[in-house]
Amino acid sequence: MTTPHGVSVIGGGSWGTTIAHLIGENGHPVKLWMRDPEQVAELNLKHRNERYLGDLALSPRVLAVSSLEEAARDAATLVIVTPSHSLRTIARELGDHLDGSRILIHGIKGLEPGTFKRMSQVLREETCCRKIGVLSGPNLAKEVAQGQPSATVVASAYQEVVEAGVSLLKSKTFRVYGNDDVVGTELGGTLKNIFAIAAGLAHGLGFGDNTKALLLTRGLTEMTRLGVHMGASVSTFSGLSGIGDLMATCFSPLSRNYQVGYRLSKGETLEAITHDLKQVAEGVRTTRTVADYARAKGLYLPITQGVARVLFEGATPQQALSGLLEVGRNPFETDAPDREISIL
């Protein structure tokens, strides 16, 4: 039996295709699993993923496949970039073709509704693999794919996983950092999507940079508060997968979640927006999941609750943003997040 030595990417959306392209450009043959056979044929024929990345020419080392068994075969490292709601089903099928030697790195920014489990926990439950990590940072796919200078984080309890991520992805334009705070890195990437929706709402209403700075800063406080509650390190949220990702997502119209907020403020319905995007805006599901969890645990996350009211309870963007300026549950609020955490 031969030792696995290849690399595969599971998920052919904009970020999954970009990751496969980066790996290919670094000289590694890479399989890219896509569910749709027509997309597989198109990518292998044209070396483009026109649906998600337009006319960007992909590395010729990227080979699209539609079989998870084929994608898993000979892959020592698998980078998994599926929508969060699909992960458990895909991981269960993928797990039938893996042994415990494989490295799994996911780049999914979501939480499982109902269980509130992180994606690394789902992978651990559905596969026999234990060498699991997460890839997260300020990584707008189109900018990374175009070779614009960018950076990301690979976090894992296993140094071998971090080294594999760095080896496959690091290039002259894409820097890869490592850390061992899986919880914080996963939550930073996941929670920022809520605040991107809030930023889009504010911009759509015509508010300026003061308002956006307010949402960004207080959003970071909420992110840190929930992260500490779940066991993350405070310092992780001051890095690329925390404030870095938050800034990129809240300031860029390329962000799908920002687009959701902006278009809602212009009077479009959530159903029409999500149908038109043709890509998953993870922040919508994440907002409901986190709002429900915070309510059950008594956590104070006012921006998250405000966005949830707009998305699911019929509140107007004006009502939600006005609510943020009302007096909180404490007689005063400090602007020092670390001390505020101890108060709350």
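It should be emphasised that the depicted structure is a prediction, and the values quoted were computed from it without experimental measurement.

Is there a simple way to explain the sheet that holds strand S1 (residues 6-10) in this structure?
Backbone hydrogen bonds are what pair the strands of a sheet, in a parallel or an antiparallel way. Spatial strand order, S3-S2-S1-S4-S5-S6-S7-S8: 8 strands in an open sheet with mixed pairing. Both edges of this open sheet fall to strand S3 (62-65) and strand S8 (174-179), since each of them pairs with a single strand only. The mean inter-strand angle of the sheet, taken between neighbouring strand axes irrespective of direction, is 25°. Where strand S2 (residues 30-33) lies against S3, 4 bridges are found, and the strand directions are parallel. Note on S3: the bridge partner recorded for Lys31 is Leu63. Sitting on the sheet, helix H2 (residues 37-46) touches S2 and S3, and the angle it makes with S3 is about 160°.

Could you clarify how one ought to interpret unusual backbone geometry in this entry?
Most peptide bonds take the trans form, and the phi angle of most residues other than glycine is negative. Here His47, not a glycine, exhibits a phi torsion of approximately 55°, which is positive. As for its position among the elements, His47 is in the loop between H2 and helix H3 (50-53). Residue His47 is classed as partly exposed on the basis of its relative accessible area of 26%.

Sorry, what's going on with the environment of Arg51 here?
As for its position among the elements, Arg51 is in helix H3. Along the chain, Arg51 and Leu32 lie 19 residues apart, while their C-alpha atoms are 15 Å from each other. The residues contacting Arg51, other than those within four sequence positions of it, are Gln39 and Lys278.

Help me understand the pattern of salt bridges in this model?
Pairing between side chains becomes possible if they bear opposite charge and their charged atoms approach one another. Under the defined criterion, the tally for this structure stands at 14 salt bridges. Residue Arg88 pairs with Glu112 through a salt bridge whose shortest N-O separation is 2.7 Å. Taken as a pair, Arg88 in helix H5 (residues 84-95) and Glu112 in the loop between strand S5 (103-106) and helix H6 (119-126) lie far apart in primary sequence, 24 residues in all. Overall, the relative accessible area of 18% leaves Arg88 in the buried class.

I keep staring at the packing of helix H15 (residues 302-312) against helix H16 (residues 317-324) and nothing clicks. Help me out?
Each pair of packed helices can be described by the angle between their axes along with the distance between the axes. Two elements in contact, H15 and H16, have axes separated by 9 Å at closest approach and are oriented at 165°. Comparing their axes, H16 and H15 come out roughly antiparallel. In this structure, the crossing between H15 and H16 has a hand that is right-handed. Counting all contacts with H15, which are made through Pro302, Ile303, Gly306 and Val310, the residues of H16 involved are Pro317, Ala320 and Leu324. Taken together, the residues of the contact of H15 with H16 sort by class into 6 nonpolar, 1 polar and no charged.

Would you mind showing me how to read the nonpolar core here?
General note: in soluble globular proteins, nonpolar side chains tend to be found buried as a group. Counting 40 residues, the largest nonpolar core has Leu191, Phe195, Leu226, Val260, Leu264, Val290 and Leu311 as its most contacted members. Listed by contribution, the elements that provide at least two residues to this core are helix H9 (182-204), helix H10 (209-229), helix H11 (240-251), helix H12 (256-265), helix H13 (270-277), helix H14 (282-297), H15 and H16. Tallying contributions element by element places H9 first for this core, with 11 residues. Among all residues touching Leu264, those that are not within four sequence positions of it are Leu201, Thr269, Leu270, Ile273, Val310, Leu311 and Pro317.

What should I look at first to understand the packing of aromatic side chains in this one?
Where two aromatic rings form a pair, the distance of their centres and the angle of their planes describe that pair. Per the counting criterion, the structure on display carries 1 aromatic pair. It is Arg288 that lies over the ring of Phe312; its NZ or CZ is 3.9 Å from the centre.

What's the story with the pairing of S2 in this structure? I'm lost.
Burial along S2 is two-sided: Val30 and Leu32 and Lys31 and Trp33, pointing in opposite directions, are all buried. As defined by bridge partners, S1 adjoins S2 across 3 bridges and the pair is classed as parallel. Note on S2: the bridge partner recorded for Val9 is Leu32. Handedness of the S1-helix H1 (residues 14-25)-S2 crossover: right-handed.

Analysis parameters
- Residues numbered from 1 in each chain as written.
- Predicted model: local features only at pLDDT ≥ 70, side-chain atom pairs only at ≥ 80, totals over all residues.
- Heavy atoms only, no water.
- Pairing = 2+ DSSP bridges.
- Helix = DSSP H or I, 4+ residues; strand = E, 2+ residues; numbered from the N terminus.
- Axes fitted to C-alpha atoms, helices over the stretch in contact; angles between N-to-C directions.
- Contact = heavy atoms within 4.5 Å.
- Buried < 20%, exposed > 50% of the residue type's maximum accessible area, 1.4 Å probe, protein only.
- Salt bridge = Lys/Arg side-chain N within 4 Å of Asp/Glu carboxyl O.
- Parallel < 35°, antiparallel > 145°, perpendicular 65-115°, else oblique.
- Left-handed = near helix turned anticlockwise from the far one by under 90°.
- Nonpolar A, V, L, I, M, F, W, Y, C, P; charged D, E, K, R; others polar.
- Core = buried A, V, L, I, M, F, W, Y, C linked by side-chain atoms within 4.5 Å.
- Phe/Tyr/Trp six-rings, centres within 6.5 Å; stacked < 30°, edge-to-face > 60°.
- Lys NZ or Arg CZ within 6 Å of the ring centre and 35° of its normal.
- Right-handed = clockwise from strand over helix to strand, strands pointing away.

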